[in-house]
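A structural walkthrough
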Amino acid sequence: MSTTLALTGPIASGKSAVMAILSAQNIPTLSTDALVHQLQQAGTEGTLKTVQHYGEDVLNADGSLNRKKLGDMAAQDASVFVFLEQTFLPPLQGLVEQFKADNTEADVVVIEIPLLFQKETTYAYDYSVACVCDEAQRKERALLRDGMTAEKFDAIVARQPKLDVFKMRADFVIDTNGSLDETEAQIKDILQKIRTAS
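Report on the accompanying structure. Because the structure is a prediction, the values reported are computed rather than measured. (Residues numbered from 1 in each chain as written. Predicted model: local features only at pLDDT ≥ 70, side-chain atom pairs only at ≥ 80, totals over all residues. Heavy atoms only, no water.)

Moving on: the overall build of the protein chain. Regarding its fold elements, the protein chain presents 9 helices and 5 strands. Here the protein chain has a C-alpha radius of gyration of 17 Å; the compact-globule value for 198 residues is 16 Å, and the two agree. When the backbone C-alpha atoms are referred to their principal axes, the protein chain occupies close to 55 × 40 × 25 Å. A total of 198 residues make up the protein chain; the buried ones form 43% of that total. Taking the contacts inside the protein chain whose residues are at least 6 apart along the sequence as the reference set, 72% of them involve residues at least 24 apart. Of the roughly 10,500 Å² of accessible surface on the protein chain, a fraction of 51% belongs to carbon and sulfur atoms. Put simply, the protein chain has 19 plus and 28 minus side-chain charges, and the middle of one group is 3 Å from the middle of the other. (Helix = DSSP H or I, 4+ residues; strand = E, 2+ residues; numbered from the N terminus. Rg over C-alpha atoms; globule rule 2.2 N^0.38 Å. Buried < 20%, exposed > 50% of the residue type's maximum accessible area, 1.4 Å probe, protein only. Contact = heavy atoms within 4.5 Å. Areas by Shrake-Rupley, 256 points an atom, 1.4 Å probe, with all protein chains shown as cover. Lys, Arg positive; Asp, Glu negative; His and termini not counted. Charge placed at Lys NZ, Arg CZ, Asp CG, Glu CD.)

See the structure below:
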């Protein structure tokens, strides 16, 4: 049976970099954001439901959901975020459970779950690991993303727990303010502790 780690953290806190380091060490990893991308492709149940609710203006030319447009809408109206969460969270959870079942022979598996603490789903994992980083650096990173604006960043931050909550609630914390080498050293230390305890 695998030890399951839930990786979380606020926006632009280095979760993707940590996932890349773990994957390079042949640890099975799963990004729930990547799964949401799959669930929002053309013709899926969630896409059809979203179009019924908001109209075809939320679609890209290929029939997939326009995440940038939906993100802009959610930044202006919190009910949009609630609708999307209610629509995509249940099938997302099913895919996560399937990933865990498919990787039982690995000693450790890692699943990136940005909403881990908001949704109170820590019970489903053996350990929680939070990436933390100063807000100024997170904002700088986030604004490099396509479609990200200072307004949208601030709206996302307002919906997320404060940084201290991630630090207090996580079983392990990875400080990503430093270099990738420093981040990798912290990851190796956490994995050693988990494997020793198993």
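Having put the structure on the table, let's press on.
Membership of the largest hydrophobic core comes to 28 residues, with the highest contact counts inside it found for Leu30, Leu84, Val96, Ile111, Ile113, Leu116 and Tyr125. Mapped by element, the contributors of at least two residues to this core are helix H2 (32-39), helix H4 (67-76), helix H5 (78-102), strand S3 (108-112) and strand S4 (127-132). Looking at this core element by element, the count peaks at 7 residues for H5. In contact with Leu30, other than residues within four places in its own chain, are Met19, Leu35, Val96, Phe99, Val110, Ile111 and Glu112. (Core = buried A, V, L, I, M, F, W, Y, C linked by side-chain atoms within 4.5 Å.)

Summed over the entire model, instances satisfying the criterion amount to 9 salt bridges. A salt bridge links Glu97 to Lys100; the nearest nitrogen and oxygen atoms lie 3.3 Å apart. On the criterion of helical spacing, the pair formed by Glu97 and Lys100 is a turn pair, its members being 3 residues apart in helix H5. Here Arg195 makes a salt bridge to Asp107, at a shortest N to O gap of 2.8 Å. Note that Arg195 is positioned in helix H9 (residues 180-197) and Asp107 in the loop between H5 and S3, a separation of 88 residues in sequence. Within the structure, one salt-bridge network assembled from shared partners comprises Lys68, Asp72 and Lys152. (Salt bridge = Lys/Arg side-chain N within 4 Å of Asp/Glu carboxyl O.)

Compared with an ideal rise of 1.5 Å per residue, which puts 25 residues at 36 Å, H5 spans 35 Å between its outermost C-alpha atoms and is within 8% of the ideal. At Leu89, H5 shows its strongest bend, of approximately 35°, with the proline Pro90 following within four residues. Looking only at H5, the buried set comprises Val80, Phe83, Leu84, Glu85, Thr87, Phe88, Leu92, Val96, Phe99 and Lys100. Where H5 is buried, its residues meet strand S1 (3-8), strand S2 (29-31), H2, helix H3 (45-54), H4 and S3. (Expected span 1.5 Å × (residues − 1). Bend = angle between axes of the 7 residues up to and from the residue.)

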